Amino acid sequence: QVQLLESGGGLVQPGTSLRLSCATSGFAFSGYGMGWFRQAPGKEREFVAAIKPNGGSTSYAGSVKGRFTISRDNSKNTVSLQMNMLKPEDTAVYYCAAGRIITSTMSSQSAYPYWGQGTQVTVSS
């Protein structure tokens, strides 16, 4: 049974940092690309970041590039998202996802068949 479990969300002030983690099981993690997506209230879910199976290639949405860093540990079947310089507009439910992605599909939700339940991130003063 495939499972993805996000953790690390919370309420933080603008300008601070937060690290999200996603623990996975039930599939061959090292053979899958991993992505982070988010959905803000009243908005559609959007791409945040992705990393290929060997960690050698990453992709970021323009709105988070330079502030967020995605990483993975294939020995622990986990993927993380380090979020720095958080802004109120980063407030959303953050989801991790797994898929056999290629470069052209890293930001496409349809390329990820496996999804976690999400973790809430709220950035507010």
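Everything numeric in this text was worked out from a predicted model, so none of it was measured. (Residues numbered from 1 in each chain as written. Predicted model: local features only at pLDDT ≥ 70, side-chain atom pairs only at ≥ 80, totals over all residues. Heavy atoms only, no water.)

Draft legend 1. Representation of the overall build of the protein. Helix and strand content of the protein: zero helices and 11 strands. Listing the helices and strands of the protein from first to last along the sequence gives β-β-β-β-β-β-β-β-β-β-β. A globule of 125 residues ought to have a C-alpha radius of gyration of about 14 Å, and the protein, at 13 Å, matches this closely. For the protein, the spread of C-alpha atoms along the three principal axes comes to 40 × 25 × 25 Å. Within the protein, the fraction of its 125 residues that count as buried is 42%. Residue pairs at least 24 apart in sequence account for 58% of intrachain contacts in the protein once pairs closer than 6 positions are excluded. By element, 47% of the accessible surface of the protein is carried by carbon and sulfur atoms, the whole surface being about 6200 Å². Taken as two groups, the 11 positive and 6 negative side-chain charges of the protein have centres that lie 7 Å from each other. (Helix = DSSP H or I, 4+ residues; strand = E, 2+ residues; numbered from the N terminus. Rg over C-alpha atoms; globule rule 2.2 N^0.38 Å. Buried < 20%, exposed > 50% of the residue type's maximum accessible area, 1.4 Å probe, protein only. Contact = heavy atoms within 4.5 Å. Areas by Shrake-Rupley, 256 points an atom, 1.4 Å probe, with all protein chains shown as cover. Lys, Arg positive; Asp, Glu negative; His and termini not counted. Charge placed at Lys NZ, Arg CZ, Asp CG, Glu CD.)

Draft legend 2. Main features of the state of the cysteines. Counted according to the given criterion, the structure contains one disulfide. Here cysteine 22 connects covalently by a disulfide to cysteine 96, the sulfurs 1.9 Å from one another. Of this pair, cysteine 22 sits in strand S3 (residues 18-25) while cysteine 96 sits in strand S9 (residues 92-99), and the two are 74 residues apart along the sequence. Both residues of the pair, cysteine 22 and cysteine 96, belong to the buried class. (Disulfide = S-S within 2.5 Å.)

Draft legend 3. Examining the pairing of strand S4 (residues 33-39) more closely. Counted residue by residue, S4 has six buried out of seven residues, so it is predominantly covered. Here S4 runs beside S9; their pairing, made up of seven bridges, is antiparallel. Bridge pairing in S9 links tryptophan 36 to cysteine 96. With five bridges connecting them, S4 and strand S5 (residues 46-51) associate as antiparallel partners. Directly across from methionine 34, in S5, lies its bridge partner isoleucine 51. (Pairing = 2+ DSSP bridges.)

Draft legend 4. Molecular detail of the sheet that holds strand S7 (residues 68-73). The sheet built from four strands is open, its strands ordered S1-S3-S8-S7 with antiparallel pairing. Two strands lie at the open edges of the sheet, namely strand S1 (3-7) and S7, each paired on one side alone. Direction aside, neighbouring strands of the sheet carry axes that sit 15° apart on average. (Axes fitted to C-alpha atoms, helices over the stretch in contact; angles between N-to-C directions.)

Draft legend 5. Here's a closer look at the environment of serine 30. Considering the arrangement of structural elements, one finds serine 30 in the loop between S3 and S4. Accessibility expressed as a relative area gives 48% for serine 30, which makes it partly exposed. For the pair serine 30 and threonine 122, spaced 92 residues apart in the sequence, the C-alpha separation amounts to 31 Å. Discounting chain neighbours no more than four positions away, the residues touching serine 30 are Pro53, Arg72 and Asn74.

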